[in-house]
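Structure at a glance
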Amino acid sequence: MVLWALGIGPGDEVIIPANTFIATVWGATLCGAKPVFVDCEIDSYNIDPKKIGEKITKRTKAIIAFHLYGQSADMDQLNKIAKEHNLFLVEDCAQAHLAEYKQKRVGGLSRAASFSFYPGKNLGAYGEGGAVTTSDQELALKFKMMRDHGSDKKYYHEVYGHNYRMEGIQGAVLGVKLRYLDRWTQGRRNNASLYNELLKDVRDVIKPKEMPYAKHVYHLYVIRTARRDELQKYLDAKGISTGLHYPVPLHLQKVFSNLNYKEGDFPITEKLAKEILSLPMYPELTKDQIHYVCDSIKDFFNEKSKA
Ligand SMILES: *Cc1c(COP(=O)(O)O)cnc(C)c1O
């Protein structure tokens, strides 16, 4: 809806990080625009601003900033590029509720932003839900109309729209849960600190890097290791569930084969896909549970080095 409201359509190109969940792309493709992928940085895992310039063409209309795993992208750099080339900058905040960039919350660092309240997100409804934010009053009014068949006054339709209304029951649940979000976010950050501390001497594991400009909200706590598949199997046998976010980079997904990308186009994103492992992360994790996960990881590498 954000891209649609900004007038993005067929013939337009939208810059999107290759290292994201596919939902970031659907906004562009639903508008009929062409997604143009860009590789990520090796330390933040977010879109690499230095690699955007070469992808900008006469058709480029927007850049989507995505805050992967709950850590803000480098918004000053992205805003600078957007301004220089007269592009819309919008944010995908689906994993980043309450995340900050230089002490300012994401969702207010671009023209407009989208949030997801899918049950597994840092703020989740009891079903599907989402929201958009903007500081632009005119755009806000347009969003309000677009979500309700393009009308402000019933049966008087001013703009194109659809039914994007949130179910009342989801709003009620979110209204209550919102009061706990600060506390839950702090819980995630504390859990991440304990993981960092306990894994600090494990040389085979690369821990997430919190960038100097970011307050990370750890939607996911993602480590890297060259022996990812073995480690995942080992942890699974110990009753520890882990995840891969994401196993196949977007440019190599079957659905985008018509875009003609190939293996090797985005080396960092491709490397990450082979090395990343998401450890258990949610506010209610106990210290004992985190110790158990980290002890198991250490056992894995000790046993390996003996073998
Ligand atoms: C979850 C998610 C979304 C939105 O997902 P919905 O299922 O539409 O709520 C968008 N982008 C990213 C990166 C996500 O992780």
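For the structure itself, look to the data block above.
Residues numbered from 1 in each chain as written. Predicted model: local features only at pLDDT ≥ 70, side-chain atom pairs only at ≥ 80, totals over all residues. Heavy atoms only, no water.

Considering the overall build of the protein
Quick note on the threshold: For helices the rule is a DSSP run of H or I covering at least 4 residues; for strands it is a run of E covering at least 2, with both sets numbered from the N terminus onward. It is over C-alpha atoms that the radius of gyration is taken, and the globule rule equals 2.2 Å times the number of residues to the power 0.38. Three exposure classes are used, based on accessible area relative to the maximum for each residue type with a 1.4 Å probe and protein chains only: buried under 20%, partly exposed in between, and exposed over 50%. A contact between two residues is defined here by any heavy atoms of the two lying within 4.5 Å. In short, Shrake-Rupley with a 1.4 Å probe defines the accessible areas, and a residue's cover is counted only from the protein chains shown. Counted as positive: Lys and Arg. Counted as negative: Asp and Glu. His and the chain ends are not counted at all. Charged groups are reduced to one reference atom each: NZ for lysine, CZ for arginine, CG for aspartic acid, CD for glutamic acid.
In terms of helices and strands, the protein carries nine helices and 13 strands. Computed over its C-alpha atoms, the radius of gyration of the protein comes to 20 Å, within 12% of the 19 Å expected for a compact globule of 307 residues. Overall, the C-alpha framework of the protein stretches about 70 × 45 × 35 Å when taken along its three principal axes. By residue count, 50% of the 307 residues in the protein fall in the buried class. For the protein, the proportion of contacts with a sequence separation of at least 24, taken over those separated by at least 6, is 63%. Surface summary for the protein: the accessible area is close to 15800 Å², and the carbon and sulfur share equals 51%. Taken as two groups, the 43 positive and 37 negative side-chain charges of the protein have centres that lie 1 Å from each other.

Quick notes on the site of the ligand
Heads up, the condition is: When we say a residue is near a molecule or strand, we mean one of its heavy atoms is within 4 Å of it. Throughout this description, a polar contact denotes any pair of N or O atoms lying within 3.5 Å of each other; where both atoms belong to protein, one of them has to be capable of donating a hydrogen while the other can accept it, and for residues adjacent in sequence the pair is counted only when both atoms sit in side chains. Just so you know the grouping, Ala, Val, Leu, Ile, Met, Phe, Trp, Tyr, Cys and Pro go in nonpolar, Asp, Glu, Lys and Arg go in charged, and all remaining residues, Gly too, go in polar.
Taken together, the neighbourhood of the ligand is formed by Thr-20, Phe-21, Ala-23, Thr-24, Phe-66, Asp-92, Ala-94, Gln-95, Ser-116 and Lys-121. Between the ligand and Gln-95, the relevant distance is 2.9 Å, taken from an oxygen atom to a side-chain nitrogen or oxygen of the residue. The contact in question runs from an oxygen atom of the ligand to an N or O atom on the side chain of Ser-116, over 2.6 Å. Look at the ligand: alone it shows 380 Å² of surface, and the protein chains cover 75% of it. Class assignment for the residues of the shell around the ligand results in four nonpolar, four polar and two charged.

Re the packing of aromatic side chains
Here is the rule: When the centres of two rings from Phe, Tyr and Trp lie within 6.5 Å, Trp using its six-membered ring, the rings pair. Their planes under 30 degrees apart give stacked, over 60 give edge-to-face, and anything left gives tilted. Should the NZ of a Lys or the CZ of an Arg lie within 6 Å of a ring centre and within 35 degrees of the ring normal, that charge is described as sitting over the ring.
If you walk through the whole model with that rule in mind, you get twelve aromatic pairs. Its guanidinium or amino end placed over the ring of Tyr-156, Lys-153 lies 4.4 Å from that ring's centre, counting from NZ or CZ.

Some details on helix H5 (residues 168–177)
The condition that has to hold: The reported arc concerns the directions from the helix axis to the C-beta atoms and nothing else.
Within the span of H5, buried status applies to Gln-170, Val-173, Leu-174 and Lys-177. Down the axis of H5, the buried set is contained in an arc of 95 degrees. They therefore lie on one face. Those residues of H5 that are buried are in contact with helix H6 (181–198).

Considering the environment of Tyr-195
Take Tyr-195: it is sitting in helix H6. Linking Tyr-195 and His-291, residues 96 residues apart in sequence, is a C-alpha distance of 8.0 Å. With near-sequence residues (within four places) excluded, Tyr-195 lies in contact with Tyr-221, Leu-279, Pro-280, Met-281, Leu-285, Ile-290, Val-293 and Cys-294.

Remarks on the pattern of salt bridges
Short version of the rule: Any carboxyl oxygen of Asp or Glu that lies within 4 Å of a side-chain nitrogen of Lys or Arg is treated as forming a salt bridge with it.
What the rule picks out here adds up to 13 salt bridges. The shortest N-O distance in the salt bridge between Lys-200 and Glu-197 comes to 3.2 Å. When salt bridges that share partners are traced, they join Asp-48, Lys-50 and Lys-51 into one network.

As for the sheet that holds strand S1 (residues 13–17)
Backbone-to-backbone hydrogen bonds join strands into a sheet, with any given pair of strands oriented parallel or antiparallel. Where we set the bar: Think of it this way: DSSP has to see at least two bridges between two strands before they count as a pair. Geometry is summarised by axes, namely lines fitted to C-alpha atoms with helices restricted to the contacting stretch, and by angles between N-to-C directions that run from 0 to 180 degrees.
Strand order in the open sheet formed by six strands is S2-S1-S3-S4-S7-S8, and the pairing between neighbours is mixed. Each edge of the open sheet is held by one strand with a lone partner, namely strand S2 (34–38) and strand S8 (130–133). Between one strand axis and the next, the sheet turns through 25 degrees on average, direction left out of account. In the sheet, strand S7 (residues 112–116) pairs with S8 via four bridges, with the strands oriented antiparallel. Looking at the pairing, Ser-116 lines up with Gly-130 of S8.

Side note on the pairing of S2
On any regular strand, side chains alternate: one points to one face of the sheet, the next to the other face. What counts is decided by this rule: Handedness is read with the strands pointing away from the viewer; a crossover is right-handed when the path from the first strand over the helix to the second is clockwise.
Of all five residues in S2, four are buried, a share of seventy percent or more. Each parallel crossover has a hand, and the one from S1 via helix H2 (residues 23–30) to S2 is right-handed.

Things to note about the environment of Leu-250
Positionally, Leu-250 belongs in the loop between helix H7 (228–237) and helix H8 (267–275). Relative accessible area serves as the criterion here: at 3%, Leu-250 is assigned to the buried category. When the C-alpha atoms of Leu-250 and Glu-270 are compared, they prove to be 9.7 Å apart, with 20 residues separating the residues in sequence. Those residues in contact with Leu-250, other than ones at most four positions away along the chain, are Pro-17, Ala-18, Thr-20, Phe-21, Ile-22, Val-25, Phe-37 and Phe-256.

Structural notes on the state of the cysteines
The test is simple: Cysteine sulfur pairs qualify as disulfides if the two atoms are within 2.5 Å.
Evaluation of the coordinates by the stated rule reveals zero disulfides. Looking at Cys-93, it has no disulfide partner, and the nearest cysteine sulfur is the one in Cys-31, 18 Å off.

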